[in-house]
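Listed here are the chains, written in short residue letters.
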Amino acid sequence: MKTNRILLGLVTLALLSCHKKPATKTLPCCQKDGAVAGMASQPASGSTSIYQLTGTWTDQHGKQLTLNTLQGRPQIVAMIFTHCTSVCPRVVEEMKTIRDSLPAAFRNKVGGVLVSFDPDRDTPVQMRLFAKQRQLDEQWELLQGSADQVRELSMALNVRYQKLSGGDFSHSGNIFILDQAGNIVQVVDGLNGNVRNADSVLCRLLR
Amino acid sequence: MVLQGFFAAGSFLIIEFFNGIKTLKYDQDHFFVCRASTKRIGHRPTFDLITKNQKAVKTTYLNRCLPQIIFSRRILRLFVCACIWLTACNQHAKNNTGADDTTAVTGEYNPVLTFAPNVPEARDNAAPKKVMVEIEVVEKVMKLADGVDYTFWTFGGKVPGPFIRVQEGDEVELRLDNNANNKMPHNIDLHAVNGPGGGADATMTVPGHSSVFRFRALNPGLFVYHCATAPVGMHIANGMYGLILVTPKEGLPNVDKEFYLMQGEFYTKGKNGEPGLQPFDMDKAVKEQPEYVVFNGSAGSTTGANALQAKVGDRVRIYVGNAGPNLTSSFHVIGQIFDKVYLEGGSQINRNVGTTLIPAGGATIVEFTCKEPGTFNIVDHSIFRAFNQGALAQLVVTGPADKNIYSGKLADEFYFPPIPDQAGKKDKPVIEASSPEPSFADRFKDGHALFESNCSSCHQSTGLGLPGSFPPLAKSDFLMNRQDMGIGVLLHGINNEPITVNGKHFQGVMPQLSLTDDQIASILTYVRNSWGNKSPAVKASEVKKIRNQ
Amino acid sequence: MKIVNALMVIICSLAPLKNYGKASPVNGKQHPGNSVAGMVRIPGGSYRPFLHRKDQPAVIRVHSFLLDINAVTNEDFLAFVKANPKWARSKVSRLFADLSYLNQWTGDFEIGDDKIKHSPVTNISWFAANAYARWKGKRLPTQTEWEYAAAAPPISTKKNARLTRIILAWYDHPNPIILPHVQSTYKNTYGLYDMHGLIWEWVEDFNSINMGDDNTGGTNINSFSCAAGSLNSADKEDYAAFMRFAFRQGLQARYTIRSLGFRCAKDDATITNL
C-alpha cells in the first residue's frame, strides 16, 4: 500500500507539471541578441512617428496633453473602449503581460497607452474607474479625444473600427509597440500575440 | 519528460519479464492457475502454481505466470498511470513544437518564371528551399482575336500568368506588386496554399503598392492561381490566372518536351469576331455564355506559326490549366492518346485516356509519345468551343512516318449507288405490255422522272454526260442512229466495249439496270426528245420484242 | 380652401428641386476659408448601405449635408500647399504620405503640365485630403454620405447612361495617361459631377468596414474584432460596388495612388436637431 501511495503521488506530480503554464518569469530576452521578426525599418529622422499628430487629449486624471508628451520612452499602445466585454479585456491583459514579462529594471521604463474609441462614454472619471478595475498603475495613460482625433489616430495606427447603432464599436485588436520617438516598431495581435517578440523589441529599445 | 515516462514504465515491464525467463515446459499433468502468493522467496514475489491434481507448487518461474503478472493490480496501475503521464506530456509537447512536416529549409532560390507555352526546367536539387517569387499585376489592352482588342488584367503582363515551379516542402515567399498605373485593387489565391483565401487576404493590394506573404508547399501537384478580389468572376474573366507546379519529393519522370496551356473564357459585349476594343459583359458571364473560349489568352495564340513543336519519338508532357471562370473542359488532342493522365493534377494516375476532364479552377497533366508526324489539333471537345469560339491549339510533330501505325489514305474510288433489288420482278410476267400505250406526254413525263433517278447521276440532267467518262445524250449520234433506238443499251448495259459518240471515243461500263419494258420505253421517249433530240415515242411493245430476241 | 391646399402641395413638392445644380445659401459667415461655393446640398433620406452587419439595420437615415460639385483639382490643391508648405512634396512627413505623393507635379509648388490643372488631384493621401478639407473649413464625406450621394442616377435618361454601365465601362478601360478634367463625365440628379467614372475618392471613414477573409464581401468580419458579426450585401448583383469596397479594404491612410482623389463635404448648418 505504501508503495502504491508513493507511486500515485509521483504520478500526480508529473501530471501537474505537464499542464501548468509557467508562472510569470522573466524572459531571457535581454541576455541574448535575438532576431526580431517584422520590425519596421527606422528612418533616422523618425518621420513616421505618430507623435506628429497634433491634437489635445484628456487623460484619466483630467490632464490635457498632446501625444508628444509620451516621447522619451517606449510605449505599448492599443485602442479600446471601456464598455467592451469581449476582446478589449483580453487585449489589455496581453499588454499587461508584455510589460510584466520584462525584467524588473525595465518594467517602469515602458509606458502603456489606451486610447478610447468612445469619447461620449469614456470620460476621465470612467477611465479612472476602468484603470482601477484592471489594476493599471501610474505608468498607464488612458486617453479621451474628439471623434475626429480618434479617427485620425486610427488611420496612423492602421486600426479598423466602426461605431455601431447600439453605441458599441466593432474594431480590430492590435497592440502597437512604439519606440522612444513614437515610431511603430512592432504590431502584436491582441488575441494570439507573441509576447516574446514584443519583449525582445522592448529590450532592444531599452539597452 | 516524455522519454522519461516511457522508459520508466517500459523498463519496469521489461525487467520483470526477463527476470524469470526460462524455456517453457508444459506437461499434461500441469495446468496453471497462478495467484499471487503472500510468501516471498528471497526478494522475489512468488506465485502458486496449482497442478492438475490440485497440489499447490510454489514457483518463482514468472514466465509461467506471465499473463497474471501483466494483469496484476500493481502493474496494471503503474501501466495506466504511465499512459496518462505520457499522453499529458505529449499534448503539451505538441502545442509547442508545431507541425511535423515543416522541416528546416536551407538556402534561398530564385526560380525562373516562364510564360506560356514554356515551362521552367526542373530544379537539380530537390531539397526544400526558400523560394522567392515576385509577380507584378498589369492592366493592359492586348489582342483577343484578329481585329478584336480587350482590356486584360494580367499577372506579369501576359495571359496566362507565369508558370511557377517549386518543390514539395519549399517555403515560398511571394511578393505581389500592383503597378501604379493600374486602376483596380488585386490579390492572389494560389490553390497550392494551405491557409485562408489561399493567400488572398494577405495580399490585397491597391495600385502603387506591394504585398508579401509566405507559405509552405506541403502538397505536390499542379494547381491554379488566380486573383480573388470581389467580384472574383470578373477578375478571372479578365485574365488573372496561371499555374503553380509543386513537384513531388521523388520528382517527375523525364520527358523530352514540356508545355504549358491554359484554357479560359472571355465574355465580350460584341459577338465573337466583332472588331474593336470589346468591353466585359457581366450578364453573359453570369449566364455562362462566352463569346470566346481560348487557350493562352487569345484565339490563335498557339496555332499555325505559334504551334507547339515536337519530333517523332518525343515524350511530351502538357501541363493544362482551366481557369474557367465557368466552363469545364473536355481536353483532347486529336490523333493522340494520353498514355498517362495525372487526374486533376493530383497524385492519381490514369492510363490510355482519350479525353480527360479539367474542372473550372483546376488542372491536369497529360503525357504521350509522338508516334507519327503531322499537325495535331488540341481542343476542348465540347466541340463548338473549339471551332467556333477559339478553343484550339496545335502541336506540330516532325519526323519519319511509320505506315504500320498509321497508313494514311490507301484508296480513292468511285462509288456507284446501290442498285435497287429487282431480282424478284424479273421472273414475273411483264403485264404492262398488254395495257394500253400511254400518251406521248405521259411517256415523256414518266421518262423524265425515271431518267432523273436512274441516269442523271452519270449522264447529267443536261444530257451532256461527263467528257471522257460518260457519253452525252444530247444530239448523240450513237443514240439517235441506233436501229433499236437505244433499247438494247438499256436492256443489257455496255461492258467496256469501245464506242464513239459524236466523234468522241468512250470505253466504259454502263450498268445493266433492271427496268421494265414500260420504264425503258418512257426513258427512251424522254431522252430521244430532249436536248435537241427529236423522234417518235418508243413503245413498250417494241421493247418487249427486242427483249425477247 | 381646396385650391389653397393644392397650391401648397405644389409649392412644397417643388421646393427641393430648386437646390439641384446650384449651391444653396447657408447660414453663417462667408469668408475664403469657409466658402460653400461649388457645393450643393444633398437632402437627407433613407439609405440602404451596400454592406451592413447582420445585427445592424438594413436601412439607415442619412442627414442632409453639403458636398462639393466636383473633385478637388490640382489647381485647388496647389493653393493649399502654397499656404501650408509642410505639405509640399519634399517636406511632407512619411507618416502622412508615402513615396509617390504628388509625383505628377514637376516641383513642390509647380504642377507643370497645364493640361492637368483642372483635373482631379490624385497621388494624395487621406491625411493630405483631410488637411485640405479642414483648411477649407470643410471635412471629408463619410462613406455613407458619399455612397448615398453617388447612388443618384445620371440626369440623362439614355440607356448607356445607366450608373452600372458607366462604372463598368470605367473599369474596362485602363487609366488614361492624362487624367481628364473635372466635370468631364456625367452629372447626377443631385447636381454632382463625376461621382463615378473619373477617379476613386477618399472618404473620412474608409477603415470602418472590414470585409475580412472572404473577398466576396458577404461573410464574416475577422474574428479578432470586438463585436464581430457577419456582413450582408444589399445587392449581390452590384459588382461595381464590390470593387469599390474591395478597393477601400486595401487602403491605408498614408497611401498615394494615381487614380485616387477626393472631394469635400460640410455639415448642413440649417439642421439644428441632429
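Data block above holds the structure.
Residues numbered from 1 in each chain as written. Chains lettered and ligands numbered in written order. Predicted model: local features only at pLDDT ≥ 70, side-chain atom pairs only at ≥ 80, totals over all residues. Heavy atoms only, no water.

Engineer: Which parts of the structure should I look at to understand the environment of Lys287(B)?
Structural biologist: In this structure, Lys287(B) sits in helix H5 (residues 282-287). Sequence separation of Lys287(B) and Asn326(B) is 39 residues, and the distance between their C-alpha atoms is 9.4 Å. (Helix = DSSP H or I, 4+ residues; strand = E, 2+ residues; numbered from the N terminus.)

Engineer: Quick question: what am I supposed to make of a nonpolar patch on the surface here?
Structural biologist: All names here are of chain B. Together, Ile-334, Ile-383, Phe-384 and Phe-387 make up an exposed nonpolar region whose accessible area comes to about 400 Å². Structurally, Ile-334 is set in the loop between strand E18 (329-333) and strand E19 (338-342). Assessed through its relative accessible area of 35%, Ile-334 is described here as partly exposed. (Patch = residues over 30% accessible without salt bridge, like charges linked within 9 Å, V, L, I, M, F, W, Y side chains within 5 Å. Areas by Shrake-Rupley, 256 points an atom, 1.4 Å probe, with all protein chains shown as cover. Salt bridge = Lys/Arg side-chain N within 4 Å of Asp/Glu carboxyl O. Buried < 20%, exposed > 50% of the residue type's maximum accessible area, 1.4 Å probe, protein only.)

Engineer: Explain the interface of chain C and chain B to me, please; I cannot follow it from the model alone.
Structural biologist: On the side of chain B, 31 residues touch chain C, which itself brings 25 residues to the contact. In this assembly, chain C and chain B are joined by zero salt bridges. Across the chain C-chain B interface, the total number found is nine residue pairs in polar contact (both at pLDDT 80 or more). A class-by-class count of the residues in the side of chain C that touches chain B yields 13 nonpolar, seven polar and five charged. (Contact = heavy atoms within 4.5 Å. Polar contact = N/O pair within 3.5 Å; in protein donor to acceptor, adjacent residues only side chain to side chain. Nonpolar A, V, L, I, M, F, W, Y, C, P; charged D, E, K, R; others polar.)

Engineer: What is the right way to read the packing of aromatic side chains from this model?
Structural biologist: Between two aromatic rings, the relevant description is the distance of the centres plus the angle of the planes. One pass over the structure, following the stated rule, counts 40 aromatic pairs over all chains. Judged by centre distance (5.8 Å) and plane angle (25°), the rings of Phe77(C) and Tyr132(C) are stacked. Taken together, the positions of Phe77(C) in helix H2 (residues 74-83) and Tyr132(C) in helix H3 (residues 126-135) put the pair 55 residues apart, joining distant regions of the chain. As far as burial versus exposure is concerned, Phe77(C) and Tyr132(C) are alike and both buried. One residue, Arg151(A), lies across the ring of Tyr161(A), its end atom 4.0 Å from the ring centre. Between Arg248(C) and the ring centre of Phe245(C), over which it is positioned, the NZ or CZ distance is 5.0 Å. (Phe/Tyr/Trp six-rings, centres within 6.5 Å; stacked < 30°, edge-to-face > 60°. Lys NZ or Arg CZ within 6 Å of the ring centre and 35° of its normal.)

Engineer: Before we go on, may I ask you to explain the interface of chain A and chain C in this structure?
Structural biologist: It is common to report an interface's size as the accessible area lost on association of the parts. With 30 residues of chain A in contact, the opposing surface of chain C contributes 28 residues. Regarding the contact of chain A and chain C, the summed buried area is about 2,300 Å², with carbon and sulfur atoms giving 54% of it. On the chain A side of the interface with chain C, the three residues burying the most area are Arg151(A), Met155(A) and Arg160(A), jointly 30% of the side's total. Between Arg134(C) and Asp148(A) there is a salt bridge whose closest N-O contact spans 3.4 Å. Counting across the interface, chain A meets chain C through ten residue pairs in polar contact (both at pLDDT 80 or more). Breaking the side of chain A that touches chain C down by element, the ones donating at least two residues are helix H2 (87-100), helix H5 (147-157), strand E6 (161-163) and strand E7 (169-171) of chain A. At six residues, the largest contribution of residues to the side of chain A that touches chain C is made by H5(A). (Buried area = accessible area lost by both parts, 1.4 Å probe.)

Engineer: Would you explain the layout of surface pockets in this entry?
Structural biologist: The rolling of a water-molecule-sized probe over the atoms marks out the regions of remaining empty space. One number sums up the size of the second largest pocket: a volume of about 1,400 Å³. Around the second largest pocket sit 44 residues that line it, and Arg151(A), Lys163(A), Thr142(C), Thr144(C) and Asp205(C) are the ones nearest its centre. Put simply, the parts of the chain that give the lining of the second largest pocket at least two residues each are H5 and E6 of chain A together with strand E3 (51-53), strand E4 (60-62) and helix H4 (143-150) of chain C. The element that contributes the greatest number of residues to the lining of the second largest pocket is H4(C), accounting for four residues. Here the residues of the lining of the second largest pocket are counted per class, giving 19 nonpolar, ten polar and 15 charged. (1 Å grid on protein atoms, 1.4 Å probe; cavity = no way out; pocket = protein on both sides within 12 Å on 5 of 7 lines; lining within 4 Å. Points joined across faces, edges and corners; volume = space filled by probe spheres on them.)

Engineer: How do you make sense of the sheet that holds E18(B) when you look at a structure like this?
Structural biologist: The pairing of strands in a sheet comes from backbone hydrogen bonds and takes either a parallel or an antiparallel form. All names here are of chain B. One open sheet holds the five strands; their spatial order is E16-E24-E23-E18-E21, and the pairing between them is mixed. At either end of the open sheet lies a strand with only one pairing partner, and these are strand E16 (308-311) and strand E21 (355-358). Direction aside, neighbouring strands of the sheet carry axes that sit 25° apart on average. Across four bridges, the pairing between E18 and E21 is antiparallel. Within E21, the residue paired with Phe-331 across the bridge is Thr-356. (Pairing = 2+ DSSP bridges. Axes fitted to C-alpha atoms, helices over the stretch in contact; angles between N-to-C directions.)

Engineer: How should I be thinking about empty space enclosed by the protein in this particular structure?
Structural biologist: All names here are of chain C. Under the defined criterion, the tally for this structure stands at eight cavities of 30 Å³ or more. The calculated volume of the largest cavity comes to roughly 120 Å³. In terms of lining, the largest cavity is formed by 17 residues, of which the most central are Trp-146, Trp-200, Glu-201, Arg-244 and Arg-248. Taken together, the elements giving at least two residues each to the lining of the largest cavity come down to helix H5 (163-172), strand E6 (200-201) and helix H6 (239-249). Looking at side-chain class alone, the lining of the largest cavity contains twelve nonpolar, two polar and three charged residues.

Engineer: Sorry if this is basic, but what is going on with the pairing of strand E3 (residues 75-80) of chain A here?
Structural biologist: On a regular strand, one side chain projects to one face of the sheet and the next to the other, so that they alternate. All names here are of chain A. Burial analysis of E3 places six of its six residues in the buried class, the great majority of the element. Burial of the side chains of E3 extends over both faces: Gln-75, Val-77 and Met-79 are buried on one face and Ile-76, Ala-78 and Ile-80 on the other. Bridge count between E3 and strand E8 (residues 174-178): three bridges; the pairing is antiparallel. Paired with Ile-76 across the two strands is Ile-177, which belongs to E8.

Engineer: Just checking my understanding: could you explain unusual backbone geometry for this structure?
Structural biologist: Excluding glycine, residues mostly have negative phi values, and the peptide bonds linking residues are mostly trans. Cis geometry marks the peptide bond from Val159(B) to Pro160(B); its omega dihedral reads 0°. Locating Pro160(B) in the fold gives a position in the loop between strand E6 (148-155) and strand E7 (164-167). The omega torsion of the bond from Ala230(B) to Pro231(B) falls at -10°, within 30 degrees of zero and hence cis. With respect to the helices, strands and loops of the structure, Pro231(B) is situated in the loop between strand E11 (221-226) and helix H4 (232-237). Although it is not a glycine, Gln135(A) sits at a positive phi angle of roughly 55°. Of note, Gln135(A) is situated in the loop between helix H4 (124-133) and strand E5 (140-143).

Engineer: Just to check I follow, could you spell out the nonpolar core for this structure?
Structural biologist: Soluble globular proteins: nonpolar side chains tend toward being buried together. Core analysis: the biggest nonpolar cluster contains 177 residues, and Leu114(A), Leu190(B), Phe77(C), Ile124(C), Tyr171(C) and Phe262(C) have the highest contact counts within it. With near-sequence residues (within four places) excluded, Ile124(C) lies in contact with Phe77(C), Tyr101(C), Leu102(C), Ala129(C), Trp202(C), Tyr255(C), Thr256(C), Leu260(C), Gly261(C) and Phe262(C). By size, the runner-up hydrophobic cluster in this structure holds 25 residues, among which are Val293(B), Ile318(B), Leu327(B) and Phe331(B). (Core = buried A, V, L, I, M, F, W, Y, C linked by side-chain atoms within 4.5 Å.)

Engineer: Explanation requested: the pattern of salt bridges in the structure shown.
Structural biologist: Side chains that carry opposite charge are capable of pairing whenever their charged atoms lie near each other. Applying the stated criterion across every chain, the model contains 34 salt bridges over all chains. A salt bridge links Arg482(B) to Asp484(B); its shortest N-O distance comes to 2.9 Å. The partner of Asp268(C) in a salt bridge is Arg41(C), and the shortest N-O contact between them spans 2.7 Å. Here Arg41(C) lies in strand E1 (residues 39-42) and Asp268(C) lies in the segment after strand E9 (265-267), a separation of 227 residues in the sequence. For Arg41(C), a relative accessible area of 24% gives the class partly exposed. If you follow the salt bridges from partner to partner, you end up with Arg165(B), Glu258(B), Arg315(B), Arg317(B), Asp339(B) and Glu367(B) in one network.

Engineer: Mind showing me how you'd approach the sheet that holds E8(A) here?
Structural biologist: Residues and elements named next belong to chain A. Reading across the sheet, the five strands line up as E5-E4-E3-E8-E9 and stay open at both edges, with mixed pairing between neighbours. Looking at strand neighbours, the two that pair on one side only are E5 and strand E9 (184-189), the edges of this open sheet. Across the sheet, the mean angle separating the axes of adjacent strands is 20° when strand polarity is ignored. Contacting E3, strand E4 (111-116), E5 and E8, H2 crosses the sheet at an angle of about 175° to E3. Sitting on the sheet, H5 is in contact with E3, E4, E8 and E9, with an inclination near 125° to E3.

Engineer: Explanation requested: the pairing of strand E23 (residues 374-380) of chain B in the structure shown.
Structural biologist: Residues and elements named next belong to chain B. Alignment of E18 against E23, held across three bridges, turns out to be antiparallel. The partner of Phe-331 across the bridge, within E23, is Asp-380. Where E23 and strand E24 (residues 392-398) come together, six bridges link them in antiparallel fashion. Considered in E24, the bridge of Val-379 is made with Leu-392.

Engineer: Looking at this structure, I do not really get the packing of H4(C) against H6(C). What am I missing?
Structural biologist: Two quantities define a packed helix pair, namely the angle between the helix axes and the distance between the axes. Residues and elements named next belong to chain C. Contact pair H4 / H6: the axes reach a minimum separation of 13 Å and the direction vectors enclose 155°. Considered as vectors, H4 and H6 are oriented roughly antiparallel to each other. Two packed elements cross with a definite hand, and for H4 against H6 that hand is right-handed. Where H4 abuts H6, its residues Gln-143, Trp-146 and Glu-147 lie against Arg-244, Phe-245 and Arg-248. (Parallel < 35°, antiparallel > 145°, perpendicular 65-115°, else oblique. Left-handed = near helix turned anticlockwise from the far one by under 90°.)

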